[in-house]
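# Observations on chain architecture
So the chains spell out like this:
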Amino acid sequence: MSYVWGKTAFRVLSSLVLLLALTCLGARPVFAAPDVTIKIDQVIILPSSSSVKLGAISEISGDPRYGMAVANISLTPHDEDGITKDLILDSIQTSGLQGITISLIMPGKINFSLEDPYSAEIRRQAGWPWKLKITSKDSIEGDMLEVARVKPGTEKASVKIRLKDGSVRYKRFDVNWIAPTFTAVSSLEYGDVLTLNDIDFKTCTCRREDIAGSPDEFLGKRLKCSLKPGEPIYARDVEPVYLVKKGDKVRFYSKSGAVTIEAIARALDSGALGQIIKVVNLDSRRVVLAKVVGDGVVVAKEGSS
């Protein structure tokens, strides 16, 4: 069954697949592609916390401008009912999101259970809000004592346990961290400057913890590595494109009343578009704060000239 939520309407219709969205500017075509697609897991493993993110119980894909906001929709499971269709629908409706079309695909019946103590402790230690799958490498069982230090992306974990005979052993696990994240649409090369057309959004396995919260963390920045299609893009994979570099001579503009004054200054910091840096005016020798507005061009910050 598929449900779709639009800008000004939320309709639930009995159909295998139906896309319907009304907008403030008029109706979209009935079969227009949704901005974001949510596919709810048939078997949901609930974290021990009081609330869970929508992205932790589903696969999410679609427009990178909206995907993470949808993934972060919070659900508060009922003690007895757990996760239900009504809870999911109500949470989406009351999330405050506007201006997007969501396709929601659910199984006929949702089964849920609480995660096991090992998963819960690994999740707690890592501060991980998304999907977590662990596979035991040992058959030993006992009372859990502590979990060896682990962080998101770590592929193996070990838990110290006390056996019934009083001896202490380590129980080993393979760990799979799965999260909604930004990915490469196509092959990207080292040095590419990213645009929105280069970025996709989907649920996939993550190897690092620095998952971006918005595509704005990538846009206009330069890749420090090459990426294959569908490969996650992490915050540490990009760096700013500096329009001004430390030590460069720059054109420096400042205002005095209704008059704009141009001078030559030297950059004391490197800066990307829109960043505030320090420059020294080579005429007055004054150090002032200025905003980078172009390649080798800065404008004095108000009140600092």
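For the structure, see preceding data.
Just so it is clear, the structure is predicted and the values come from calculations on it, not from any experiment.

Cut-offs applied
Residues numbered from 1 in each chain as written. Predicted model: local features only at pLDDT ≥ 70, side-chain atom pairs only at ≥ 80, totals over all residues. Heavy atoms only, no water. Helix = DSSP H or I, 4+ residues; strand = E, 2+ residues; numbered from the N terminus. Buried < 20%, exposed > 50% of the residue type's maximum accessible area, 1.4 Å probe, protein only. Contact = heavy atoms within 4.5 Å. Areas by Shrake-Rupley, 256 points an atom, 1.4 Å probe, with all protein chains shown as cover. Core = buried A, V, L, I, M, F, W, Y, C linked by side-chain atoms within 4.5 Å. Salt bridge = Lys/Arg side-chain N within 4 Å of Asp/Glu carboxyl O. Phe/Tyr/Trp six-rings, centres within 6.5 Å; stacked < 30°, edge-to-face > 60°. Pairing = 2+ DSSP bridges. Axes fitted to C-alpha atoms, helices over the stretch in contact; angles between N-to-C directions.

### With respect to the overall build of the protein chain
On a plain count of helices and strands, the protein chain comes out with three helices and 25 strands. Burial statistics for the protein chain: of 305 residues in total, 40% are counted as buried. Contacts in the protein chain between residues at least 24 apart in sequence constitute 54% of all its contacts with a sequence separation of at least 6. For the protein chain, the computed accessible surface area is about 16600 Å², with 49% contributed by carbon and sulfur atoms.

### So, the nonpolar core
Formed by 58 residues in total, the largest nonpolar core has its most connected members in I38, I40, L54, V70, I83, I88 and W128. Ranked by residue count, the leading element in this core is strand β15 (residues 168-184), at six residues. Once residues within four sequence positions are removed from consideration, I83 is found in contact with I44, L46, V52, I57, L75, P77, I88, I110 and F112. Judged by nonpolar contacts, the second largest core, of 13 residues, contains V244, V250, I277 and V298.

### Some points on the pattern of salt bridges
All told, the structure shown has 14 salt bridges when counted by the stated rule. Ionic pairing is found between E115 and R123, a salt bridge with its closest N-O pair at 3.2 Å. Judged on exposure class, the residue E115 and its partner R123 are both buried. A salt bridge links R236 to D210; the shortest N-O distance between them is 2.9 Å. Taken together, the positions of R236 in the loop between β17 (222-223) and β18 (238-239) and D210 in the loop between β16 (199-205) and β17 put the pair 26 residues apart, joining distant regions of the chain. Residue class for R236 comes out partly exposed when judged on its relative accessible area of 48%.

### Topic: the packing of aromatic side chains
A full pass over the atoms with the stated rule returns four aromatic pairs. Centre to centre, the rings of Y118 and F173 are 5.1 Å apart; their planes meet at 45°, and the pair counts as tilted. Here Y118, found in helix α3 (residues 117-126), pairs with F173, found in strand β15; they are 55 residues apart in sequence, far enough to count as distant. Accessibility classification places Y118 together with F173 in one group, the buried group.

### Topic: the sheet that holds strand β24 (residues 287-294)
Taken in spatial order, the five strands of this closed barrel run β20-β21-β23-β24-β25, and their pairing is mixed. Here the strands of the sheet are splayed against their neighbours by 50° on average, with no regard to which way each runs. Relative to strand β25 (residues 297-300), strand β20 (residues 249-256) runs parallel, the two sharing three bridges. Pairing of Y253 across the sheet is with V299, part of β25.

Remember, this is a structural readout, not a statement about activity or role.
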